[in-house]
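Residues per chain are reported as follows:
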Amino acid sequence: MKTFRAARPRVLLTALAAGTLLLASACDDSAKPAQDRAAGSTAGAAATAGAAAGSGRPAEASSGPRGEADPALKPFYGQKIDWTACPADPKAAEAGVDLAGMRCGKLHVPLDYAAPDADAIDLALIKYPAGKQDQRIGSLMVNPGGPGASGVEMVEYGAKDFAGALHDRFDVIGFDPRGTGDSSPVRCLDDKQRDAQNQVDAPLDPDARRAAEEKQNAEYIAACQARSGKLLPFVGTRNTARDLDVLRAAVGDAKLHYLGVSYGTYLGSLYAEEFPQNTGRLVLDGAVDPAADDLDSVVRQRIGFETSFEHFAADCVENHADECPLGKDKDQAAKRAADFLDGLIDHPLPTKDGRKVGRDLAWNGVTAALYGDQNQDWKYLRVGLGMAMTMKRGDILLAFSDSYLERDENGHYSPMESAHTAIGCADGSAPAPSPERARAAVQELQEKAPLLTRGVSTEDFTDAACQGWPYRSPEKPHTVRAEGAAPILVIGTTNDPATPYAAAESLAKGFARATLLTRVGEGHGAFGKGNTCVDRALEAYLTEGTMPAEGTRCS
């Protein structure tokens with residue numbers, strides 16, 4: 001799996017559009033359906049930038065007793081989950097996933113925590129029971145990122161990543177957060193509308209691009225309101241943190257043990273802030289910095305992907321010359337690839353299913369592959385670029401892009417993209433950057449990420465976050481201290497393109513008690529990457545409570 005959704009590589013407005021960076025999920029994805037995120041999203045273009053004048057109430061509970069102390073929430077905290085055999089899943093069977101040892105269930109939670117006696121929704125759950133019940137510690141809740149990715153699929157298709165001490169000692173529990181997967185998913189556009197949008201490259205001219213995106217945003221927002229309007233005010237991450245506390249109580253755990261990857265680190269941070277007294281052992285991998293400004297985060301992420309793209313291209317030339325289509329000059333390899341990809345706006349590539357791969361879908365596919373490292377997706381990216389550049393076929397790049405967008409072989413999209421936008425806008429509404437900040441951002445991008453941001457202009461940063469979205473959120477970027485919480489393990493990867501290492505440093509520094517574990521390497525996130533040093537440290541903390549020494553670096 002991978003973990004942090006990247007901004008659309010060519011038009012950064014998409015990243016600001018959702019009011020947050022685009023996030024994904026973390027472990028090897030060879031045996032699971034499309035779940036990992038990478039480059040641009042048509043859903044992200046749905047909400048260009050600052051909050052709107054809608055009448056919806058934000059998804060925030062009123063002041064007063066919280067959690068188990070709130071008498072109105074006792075029915076939810078006191079519920080017992082009915083764990084039953086998981087339903088047959090044809091995709092799981094095709095992937096060789098054995099569901100026989102897993103159990104599925106539902107968690108009943110209030111739609112609005114400020115009015116828990118009103119409507120309620122059910123969240124989809126899956127449990128991978130501890131392999132050694134006599135040594136069982138409790139439950140390990142997991143979240144793969146997104147926002148919008150399925151925690152059920154993280155466990156269902158990523159069970160092997162928990163093999164050993166984690167599965168021996170914990171019931172590994174995945175859940176689809178509210179508004180995602182099978183938990184009252186947000187729905188906006190239908191499959192045909194999504195396909196149509198994805199076949200169109202964003203215009204090169206800034207004014208034309210702005211006009212096209214404003215039209216697309218308005219259509220998208222109207223579709224979301226029509227199909228999911230009742231749900232939209234209540235899908236923010238703070239409500240999901242409250243759901244997580246209900247889940248902790250419902251499975252009988254006094255403390256929450258948790259593994260969150262990418263956006264899952266933001267969920268874990270808000271949980272620690274909201275319920276510090278209930279934290280057990282929290283691992284936050286591929287960190288999102290809750291104090292980060294949206295614009296700065298977008299710029300850092302684009303620079304991160306540019307760096308990874310250059311590293312990939314140099315590795316292709318130096319270490320895989322026999323299958324590398326990027327020439328013999330490692331210093332020009334990335335530019336050669338970028339020139340080719342940019343040229344697809346005029347000469348899209350054919351594919352076997354009839355769709356065309358233009359500039360934006362091709363960049364989607366490339367950026368998706370950069371979530372992996374030289375031991376995972378880079379080898380498939382070499383093949384995909386080779387097919388595109390020498391055979392003039394876009395099938396492999398399209399497969400990467402489809403995986404990112406969660407489009408299956410039948411042309412059906414999961415609700416991930418719709419959930420991503422809705423959750424992002426429920427989580428914050430940053431004001432429009434000043435003209436000076438916008439110019440500074442463009443200048444920095446042109447200097448440090450010139451290949452992935454060709455054509456970007458200050459026009460791409462003129463609106464506020466989630467402009468036109470009908471619900472305003474009170475959430476603002478802030479440092480999470482989580483005073484009173486148990487020590488937290490933060491993991492950062494030095495060349496993580498999606499969640500740059502500086503975010504992990506900032507997150508760990510902000511907590512009252514935290515340790516930063518560093519993975520030296522490429523790709524997004526450390527969990528599931530096969531790094532023995534990281535795996536041992538993570539297992540020692542979760543199973544024994546033993547933190548790695550300060551300054552530990554895993555190569």
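Residues numbered from 1 in each chain as written. Predicted model: local features only at pLDDT ≥ 70, side-chain atom pairs only at ≥ 80, totals over all residues. Heavy atoms only, no water.

Caption draft 1: A look at the side chain of T279. Mapped onto the fold, T279 is located in strand 7 (residues 279-285). Residue classification places T279 among the buried positions, given a relative accessible area of 5%. Within the structure, T279 has its side chain in polar contact with the backbone nitrogen of A486 (distance 2.9 Å). In this structure, T279 is in contact with K255, L256, Y271, A272, A485 and A486, ignoring residues within four places of it in sequence. (Helix = DSSP H or I, 4+ residues; strand = E, 2+ residues; numbered from the N terminus. Buried < 20%, exposed > 50% of the residue type's maximum accessible area, 1.4 Å probe, protein only. Polar contact = N/O pair within 3.5 Å; in protein donor to acceptor, adjacent residues only side chain to side chain. Contact = heavy atoms within 4.5 Å.)

Caption draft 2: Geometry of the environment of E505. Mapped onto the fold, E505 is located in helix 17 (residues 501-510). Exposure remark for E505: the relative accessible area of 39% places this residue in the partly exposed category. Taking the C-alpha atoms as reference points, E505 and T515, separated by 10 residues in sequence, lie 9.6 Å from one another.

Caption draft 3: Region of interest: the state of the cysteines. Taken as a whole and judged by the stated rule, the model has five disulfides. Two residues, C188 and C224, share a disulfide whose sulfurs are 2.0 Å apart. Measuring the twist about the S-S bond at about 110°, one finds the C188-C224 disulfide to be right-handed. Of this pair, C188 sits in the loop between strand 5 (170-175) and helix 6 (191-198) while C224 sits in helix 7 (residues 206-228), and the two are 36 residues apart along the sequence. Between the sulfur atoms of C425 and its disulfide partner C466 the distance amounts to 2.1 Å. The chirality of the disulfide connecting C425 with C466 is left-handed, given an S-S dihedral of about -95°. Pair noted here: C425 is in helix 15 (residues 416-426) and C466 is in the loop between helix 16 (435-448) and strand 10 (488-495), with a separation of 41 residues, a long-range link. Note on accessibility: C425 and C466 belong to one class, buried. (Disulfide = S-S within 2.5 Å.)

Caption draft 4: Representation of the side chain of D496. Following the sequence through the fold, D496 ends up in the loop between strand 10 and helix 17. There is no salt bridge for the buried D496, and the closest opposite charge comes from R519, which lies 6.5 Å off by N-O distance. At 2.9 Å, the side chain of D496 forms a polar contact with the backbone nitrogen of A498. A distance of 3.0 Å separates a polar atom in the side chain of D496 from the backbone nitrogen of G525. Once residues within four sequence positions are removed from consideration, D496 is found in contact with G286, G521, G523, H524 and G525. (Lys, Arg positive; Asp, Glu negative; His and termini not counted. Salt bridge = Lys/Arg side-chain N within 4 Å of Asp/Glu carboxyl O.)

Caption draft 5: Region of the structure containing unusual backbone geometry. Along the chain, G146 connects to P147 via a cis peptide bond; the corresponding omega equals -5°. Looking at the element boundaries, P147 is found in the loop between strand 4 (138-143) and helix 4 (151-157). Look at S184: it is not a glycine, yet its phi comes out positive at around 50°. Along the chain, the position of S184 falls in the loop between strand 5 and helix 6. Backbone geometry at E406 places phi at a positive 55°, although glycine is not the residue there.

Caption draft 6: Summary view of the packing of aromatic side chains. Applying the stated criterion across every chain yields a total of six aromatic pairs. Judged by centre distance (6.3 Å) and plane angle (45°), the rings of Y263 and Y266 are tilted. Here Y266 and Y263 lie together in helix 9 (residues 263-274), a separation of three residues that amounts to about one turn. Neither Y263 nor Y266 differs from the other in exposure class; each is buried. Above the plane of the ring of Y413 lies R194, whose end atom (NZ or CZ) is 4.1 Å from the centre. (Phe/Tyr/Trp six-rings, centres within 6.5 Å; stacked < 30°, edge-to-face > 60°. Lys NZ or Arg CZ within 6 Å of the ring centre and 35° of its normal.)

Caption draft 7: A look at the packing of helix 12 (residues 359-369) against helix 14 (residues 395-405). Look at helix 12 against helix 14: their axes get within 7 Å of each other, and the N-to-C directions meet at 75°. By the angle between their directions, the pair helix 12 and helix 14 is classed as roughly perpendicular. Every residue of helix 14 that contacts helix 12 at L361, A362, N364, G365, V366, A368 and A369 is listed here: L397, L398, F400, S401, Y404 and L405. Of the residues contributing to the contact of helix 12 with helix 14, the split by class is 10 nonpolar, three polar and no charged. (Axes fitted to C-alpha atoms, helices over the stretch in contact; angles between N-to-C directions. Parallel < 35°, antiparallel > 145°, perpendicular 65-115°, else oblique. Nonpolar A, V, L, I, M, F, W, Y, C, P; charged D, E, K, R; others polar.)

Caption draft 8: Quick peek at the packing of helix 10 (residues 294-319) against helix 16. Between helix 10 and helix 16, the shortest axis-to-axis distance is 10 Å and the interhelical angle comes to 10°. In terms of orientation, helix 10 and helix 16 fall into the roughly parallel class. Seen from helix 10, the contacting residues are L295, D296, V299, R302, I303 and E306; seen from helix 16, they are R437, A441, E444, L445 and K448. A per-class count over the contact of helix 10 with helix 16 returns five nonpolar, no polar and six charged.

Caption draft 9: Molecular detail of the sheet that holds strand 6 (residues 256-261). What the 10 strands build is an open sheet, ordered 1-2-3-5-4-6-7-10-11-12; its pairing is mixed. Only two strands of the sheet have a single partner each, and these edge strands are strand 1 (84-85) and strand 12 (553-554). Here strand 3 (residues 120-128) pairs with strand 5 via four bridges, running antiparallel. For K127, the partnering residue across the bridge sits in strand 5 and is I173. (Pairing = 2+ DSSP bridges.)

Caption draft 10: Summary view of the pattern of salt bridges. Going through the model one piece at a time under the given rule, you end up with 35 salt bridges. One salt bridge in this structure joins R382 and E323, with 2.7 Å as the shortest N-O distance. Of this pair, R382 sits in helix 13 (residues 378-390) while E323 sits in the loop between helix 10 and helix 11 (330-343); the two residues are 59 residues apart in sequence, bridging distant segments of the chain. Judged by relative accessible area, R382 falls into the buried class, the value being 4%. Using a relative accessible area of 36% as the deciding quantity, one classes E323 as partly exposed. Among the salt bridges present, the one from D373 reaches R519, with a minimum N-O distance of 3.2 Å. In this pair, D373 sits in the loop between helix 12 and helix 13 while R519 sits in strand 11 (residues 514-522), placing the two residues 146 residues apart along the sequence. In terms of burial, D373 and R519 fall into one category: buried.

Caption draft 11: Expanded view of the pairing of strand 3. Among the nine residues that make up strand 3, seven are buried, leaving the element largely enclosed by the rest of the structure. Where strand 2 (residues 103-110) and strand 3 come together, eight bridges link them in antiparallel fashion. For G105, the partnering residue across the bridge sits in strand 3 and is L125.

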